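The chain contents come next:
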Amino acid sequence: MIPHALIYALFFVSGAAGLVYQVAWVRAFGTVFGSTVHSASIVAAIFMLGLGVGSLLAGRHADRRGDDADGGLVRLYGLFEIGIGVWGLGVAALLPQLSGLSSALSTYVAGANGFFEPSLASRALVYAIAVVVLLPSTLLMGGTLTLLVRHLVRHELRLAGHRVGMLYGINTLGAAAGAFAVDFALVPTVGLLATQSLAAVANLAVGVVALRAGRVGQGGVATAAATSAAGATADARARMWAVAAAMALSGFAAMGLEIAWFRICTTILWANRSTFSLLLTVILIGIWAGSWLGGALQRRFGHPARLYAWAQAVMVASALGLLALWEPALLPRSAFAEDWLAAGPFGRRFWDVWSQLRIVLFVVGLPALAMGLSFPLANAVVQRAHDAIGGRAGMLYLANTVGAVLGSLAVGFGLLPLVGIQHTIALLGVVALLAGAPLLWIAARDGGAPSSLRWSAPAAMALAGVVLAVFATLPEHHLPSRLYAPMDPRERLVAFSEGVNETIVVSEFPQDGSRRLYTNGFSMTSTRYSAQRYMRAFTHVPLLAMPAPARVLVICFGVGNTTHSATLHPSVQRVDLADLSRHVLEHAPLFRRWNHDVLRSPKVRAHVNDGRQHLRMMPPETYDLVTLEPPPIGQAGVAGLYSVEFYELARTRLREGGHLTQWLPAYQVPPSIIAAIIGAFVEVFPDAVMLSGYHSELILLGRKGGPPILEPAEVAARLAERPAVAADLAAIDLGSVADIAGTFVSSARALREVAETALPVRDDYPIMEYGSMTYHQTVLQKALFVPGEIGSWCPRCFDAAGAEAAEVRGLGGILAYAEALYATLAFRATTVGAGPEVAPLVITDPTRRAAAANAYETRPYWRRVGPPPAD
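Residues numbered from 1 in each chain as written. Predicted model: local features only at pLDDT ≥ 70, side-chain atom pairs only at ≥ 80, totals over all residues. Heavy atoms only, no water.

K.L.:
Would you take a moment to explain the overall build of the protein for this structure?
P.N.:
Along its length, the protein carries 30 helices and 14 strands. Residues counted as buried form 61% of the 871 residues belonging to the protein. Once local pairs closer than 6 in sequence are excluded, the contacts in the protein between residues at least 24 apart make up 80%. When the accessible surface of the protein is split by element, carbon and sulfur atoms take 64% of a total near 31500 Å². (Helix = DSSP H or I, 4+ residues; strand = E, 2+ residues; numbered from the N terminus. Buried < 20%, exposed > 50% of the residue type's maximum accessible area, 1.4 Å probe, protein only. Contact = heavy atoms within 4.5 Å. Areas by Shrake-Rupley, 256 points an atom, 1.4 Å probe, with all protein chains shown as cover.)

So, in structure tokens, the structure goes:
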């Protein structure tokens, strides 16, 4: 007899490994095929369908084998686990090599709106690769569940709900542990490849232990034929199909709600990798607890069909009711707990987890618990024949996963863009209630319950229906208005739109008419002076350094500031734009006053695609400039545009002498993460320099074929030859060569020195996604700011005696002012755990002090920033 505790322990480890694979594969395929919603969806769909089909096939095979008194199914389970481990190691090694194949198979086609997108054939071929690579492993993963269900239940059908609940729950608890560990411990510590390898080793170890445990003798095996009639009646088939339909509807609603929760929680919270992991962990723990509770309730009270209907009612009422009531003021708070967490040995990290966990628990906790009840209770309803235990468990699991996949696709690609999140959640409530109807029918047919119990399930469903009706009658945008309201009370709403990837809010500042773009509740960009200055500097500064640049790539459109500035240079013949979101591009007309309808420019060609994937699809030496301003650098998925591998790819697509400019908002993450990003950049562009487009909005500038150089005389001549460029720069106080040169803040030497303090960001080590779970200002390294080393970028700005060149008159004052400003402001911490303040730099030389004061008085930009610091 194999101890049940051993089976549960093995399946716990298996669940943790399986979740690690899923998370790692979504990320790896995002890097290989592009971080698009389609890429993530197809990986998730393959994973879930593989689990469902594998569970059905393995369950039917287990039924044909009959009883498992000799431990044969446990040995087969062990072989499955070994297969998963071996295949997992192969996939981990193979995935990084697929990038070239992906780009070779991809082509663009023009859509009706003029945007270019990867063709349907390209996507189909890429997704076919994903199926071939991932399906074998997921089939084996799905099979492990039903093999163990058959082994544990066998003749004890009255315990089916309890044992299935324990088994499914312990596997889900393992998945929760894997979800938490993968992003809170494993990837930040050892990287993606090692994390997948550890999961594979865990599978291999589980397989070996299961093989040894299964060697308990070679007894006879009862065949299914002797009892096949027991499960083949018309009534049993009707019951089976009714419960399968309920599980499909339940899976549809549950996965749809999970997508809605992800959208909601990443709007309320900061959308970084840890937020996703925390939300997934809470959902999985809820499902584990629900699975255990479902099995215990069925064992204690019986009547699993009525309990199933109860569970659906609780899920609907709690999910909709809690969202309708959502207010930050309702969250539990404890000043003592918060102070204790902040002061603890891990300070900021514990505080981050707690601040997000209480929100996630409020929104997700109770509905997730109710979701977990369904699988064990459904099995308790249908498991009435010894010869069909595995097949029926597999059929229910397949129905649930098919429903989940359909729910994911319907909500993500259909309902959210068409009817919005509030109506989507209401429709999902209807589907969840419908999932309880087949079980009420079964309960009515079975009878045998006391009158009080007989009417309790319909009453609970009716009560949930009342909650659903109230939710459906809430004012239009009741829920979005609590999630997506502009952060500045001075703003007024211009547009609100929900799409496949994001919810967009466009707001306006009535006092100056400027507008801001929010996506999923975060301010991404605007037309205000601060944004215009650094975004237009992305293109103007490097393009002025080149005699006749012809082709530019802009990654991430925003409101069109950067794209429009590139079109102003007369030698530029084509500006390629790559942006993941068609939805964002469709809102470009709302910013026409500033982007001048740039998407209609004959120079511009817009591609709805991941920027990295677009680069792969282009031939080498295509561009004179690649410039990018991705979403905030702590957000999930952004690391692929800051890694060594990305910069190496971009460098191959630059012509000799071509430039790359990269946004670096160094106030968003801790100094160690900034050092890792700079380390990746200087590994590929070792002579890079850093500029400041606006205050702390920094710009990394690299050049292929040598260090980037600013020649004052040449830039002055090009400004004279390009009047539209000169006017655009003058509007943002960069109209003179001295102002352009005065953006310099860091030399290659200083960047390399800072880079030595951290490992660089790599595809396998996306450490920048783990810097902080909340947006907060932090201290920057003082070593980054060395304006006095401007000679490394502009060697002719000063002569050997320190005199300014004629084209940069006043530059010395600008640099003196910058030294004092950056040392004083260098960016004092505004939140707990961000680090020590930086002492101000005192300018004691009277000449330099006078120059700094003069720079402040004569330069409009500095007057916007503030007065020079006192000595």
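K.L.:
Help me understand unusual backbone geometry in this model?
P.N.:
What you tend to see is this: most non-glycine residues have negative phi, and most peptide bonds are trans. One non-glycine residue, aspartate 597, lies in positive phi territory at about 55°. Looking at the secondary structure, you find aspartate 597 in the loop between α20 (592-595) and β9 (604-608). In this structure, histidine 695 is a non-glycine residue whose phi angle is positive, near 55°. Considering the arrangement of structural elements, one finds histidine 695 in the loop between β12 (689-694) and β13 (697-703).

K.L.:
How should I be thinking about the confidence of the model for the protein in this particular structure?
P.N.:
Where the model shows low pLDDT, its predicted coordinates should not be examined in detail. Mean pLDDT over the protein stands at 84; residues scoring 70 or higher make up 86%. A low-confidence stretch, residues 217-231 stays under pLDDT 50, and its non-local contacts, those more than four residues away or across chains, total 22 contacts. Here residues 826-840 scores under 50 on pLDDT; set against residues more than four positions off or in separate chains, the count is 40 contacts. (pLDDT = per-residue confidence, 0-100.)

K.L.:
What is the right way to read the side chain of glutamate 81 from this model?
P.N.:
Of note, glutamate 81 is situated in helix α3 (residues 72-94). Despite its burial, glutamate 81 pairs with no opposite charge; the closest candidate is arginine 75, at 16 Å N-O. There is a polar contact of 2.6 Å between the side chain of glutamate 81 and the side chain of serine 14. The contacts of glutamate 81, once residues within four sequence positions are left out, are Ser14, Thr144, Asn203, Leu204, Val206 and Gly207. (Lys, Arg positive; Asp, Glu negative; His and termini not counted. Salt bridge = Lys/Arg side-chain N within 4 Å of Asp/Glu carboxyl O. Polar contact = N/O pair within 3.5 Å; in protein donor to acceptor, adjacent residues only side chain to side chain.)

K.L.:
Please explain the pattern of salt bridges as it appears in this structure.
P.N.:
For the coordinates displayed, the defined rule picks out 21 salt bridges. Put simply, aspartate 763 and arginine 612 hold a salt bridge, and the shortest N to O gap is 2.4 Å. In this pair, aspartate 763 is assigned in the loop between α27 (748-755) and α28 (811-825) and arginine 612 in helix α21 (residues 611-617), connecting sequence segments 151 residues apart. Glutamate 714 serves as the salt-bridge partner of arginine 718, at 3.3 Å between the closest nitrogen and oxygen. Placement of both arginine 718 and glutamate 714 in helix α24 (residues 712-721) is noted, with a separation of four residues, approximately one turn of the helix. Exposure remark for arginine 718: the relative accessible area of 10% places this residue in the buried category. One connected set of salt bridges, linked through shared partners, spans Glu117, Arg123 and Arg582.

K.L.:
Would you take a moment to explain the packing of aromatic side chains for this structure?
P.N.:
Summed over the entire model, instances satisfying the criterion amount to 18 aromatic pairs. Ring centres of phenylalanine 11 and tyrosine 77 lie 6.2 Å apart, and the angle between their planes is 70°; on these two criteria the pair is classed as edge-to-face. Note that phenylalanine 11 is positioned in helix α1 (residues 4-33) and tyrosine 77 in helix α3, a separation of 66 residues in sequence. Among the residues examined, phenylalanine 11 registers a relative accessible area of 1% and is labelled buried. Judged by relative accessible area, tyrosine 77 falls into the buried class, the value being 1%. (Phe/Tyr/Trp six-rings, centres within 6.5 Å; stacked < 30°, edge-to-face > 60°.)

K.L.:
Teacher, can you tell me more about helix α13 (residues 374-382) here?
P.N.:
Helical periodicity: at 3.6 residues per turn, an α-helix aligns residues three or four positions apart in one direction. Within α13, nine of the nine residues are buried, which leaves it mostly tucked inside the rest of the structure. Within the span of α13, buried status applies to Ser374, Phe375, Pro376, Leu377, Ala378, Asn379, Ala380, Val381 and Val382.

K.L.:
Help me out: how do you make sense of the nonpolar core in this one?
P.N.:
A general feature of soluble globular proteins is that nonpolar side chains tend to end up buried together. Trp25, Leu167, Val243, Trp261, Val364, Leu396 and Ile425 are the most contacted members of the largest nonpolar core, which totals 134 residues. No other element matches the 20 residues that helix α14 (residues 389-446) contributes to this core. When sequence neighbours within four positions are dropped, the list of residues in contact with leucine 167 reads Ile7, Tyr8, Phe11, Leu145, Leu148, Val149 and Leu152. Counting 98 residues, the second largest nonpolar core, distinct from the first, contains Leu544, Ala639, Phe681 and Ala755. (Core = buried A, V, L, I, M, F, W, Y, C linked by side-chain atoms within 4.5 Å.)

K.L.:
For this particular structure, what's the right way to read the sheet that holds strand β5 (residues 515-519)?
P.N.:
Sheets are built from strands paired through backbone hydrogen bonds, the pairs being either parallel or antiparallel. Taken together, four strands build an open sheet; the order of strands is β3-β4-β5-β6 and the sheet is antiparallel. Bordering the open sheet on either side are β3 (492-498) and β6 (522-526), each of which pairs with just one other strand. Direction aside, neighbouring strands of the sheet carry axes that sit 25° apart on average. (Pairing = 2+ DSSP bridges. Axes fitted to C-alpha atoms, helices over the stretch in contact; angles between N-to-C directions.)

K.L.:
I keep staring at the state of the cysteines and nothing clicks. Help me out?
P.N.:
Two cysteines whose sulfur atoms are joined by a covalent bond form what is called a disulfide. Taken as a whole and assessed by the stated rule, the structure comprises one disulfide. The disulfide partner of cysteine 794 is cysteine 797, and the gap between their sulfur atoms is 1.8 Å. Here the disulfide of cysteine 794 and cysteine 797 is right-handed, its torsion about the S-S bond being about 85°. You can call cysteine 794 buried: its relative accessible area is 1%. (Disulfide = S-S within 2.5 Å.)

K.L.:
Which parts of the structure should I look at to understand the environment of proline 549?
P.N.:
Mapped onto the elements, proline 549 comes out in the loop between α17 (529-544) and β7 (551-555). Sequence spacing of proline 549 and arginine 574 is 25 residues, and the spatial spacing of their C-alpha atoms is 9.9 Å. Setting aside chain neighbours within four positions, we find proline 549 in contact with Leu543, Ser571, Val572, Asp624 and Arg722.

K.L.:
Which parts of the structure should I look at to understand the pairing of β5?
P.N.:
Both faces of the sheet carry side chains from a regular strand, because those side chains alternate between them. Here β5 lies mainly inside the structure; five of its five residues are buried. Side chains of β5 alternate between two faces, with Arg515, Leu517 and Thr519 and Arg516 and Tyr518 buried alike. Of the strand pairs in this sheet, strand β4 (residues 503-508) and β5 are connected by five bridges, and their pairing is antiparallel. The residue of β5 that forms the bridge with valine 506 is leucine 517. In textbook terms, the turn of a hairpin is the stretch between consecutive antiparallel strands, and for β4 and β5 this stretch comprises six residues, one of which, glycine 513, has a positive phi near 80°. Pairing of β5 with β6 involves four bridges; the strand directions are antiparallel. Within β6, the position partnered with threonine 519 by the bridge is phenylalanine 522.

K.L.:
I keep staring at the packing of helix α10 (residues 304-324) against α13 and nothing clicks. Help me out?
P.N.:
The relative placement of two packed helices comes down to the angle between their axes together with the axis-to-axis distance. The geometry of α10 relative to α13 is characterised by a closest axis approach of 8 Å and an angle of 155° between their N-to-C directions. When the axes of α10 and α13 are compared, the pair comes out roughly antiparallel. Seen from above, α10 lies across α13 with left-handed handedness. The segment α10 lies against α13, with Pro304, Ala305, Leu307, Tyr308 and Gln312 engaging Ser374, Leu377, Ala378, Ala380 and Val381. In the contact of α10 with α13, the residues fall into eight nonpolar, two polar and no charged. (Parallel < 35°, antiparallel > 145°, perpendicular 65-115°, else oblique. Left-handed = near helix turned anticlockwise from the far one by under 90°. Nonpolar A, V, L, I, M, F, W, Y, C, P; charged D, E, K, R; others polar.)

K.L.:
Would you take a moment to explain the packing of α24 against helix α25 (residues 723-730) for this structure?
P.N.:
At their nearest, the axes of α24 and α25 sit 5 Å apart, and the two run at 105° to each other. In terms of their interaxial angle, α24 and α25 are classed as roughly perpendicular. Counted together, Leu719, Ala720 and Glu721 of α24 and Pro723, Val725, Ala726 and Leu729 of α25 form the full contact between these two elements. Broken down by class, the residue content of the contact of α24 with α25 amounts to six nonpolar, no polar and one charged.

K.L.:
I would appreciate a short explanation of helix α29 (residues 846-858) in the present structure.
P.N.:
An ideal rise of 1.5 Å per residue puts 18 Å on 13 residues; α29 measures up with 18 Å between its terminal C-alpha atoms. Listing the buried residues of α29 in full gives Ala852, Ala855 and Tyr856. Buried residues of α29, viewed axially, fall in a sector of 100°; they line one side. Across from the buried face of α29, at angles greater than 90 degrees, the exposed residues are Pro846, Thr847 and Glu857. (Expected span 1.5 Å × (residues − 1). Arc of directions from axis to C-beta.)

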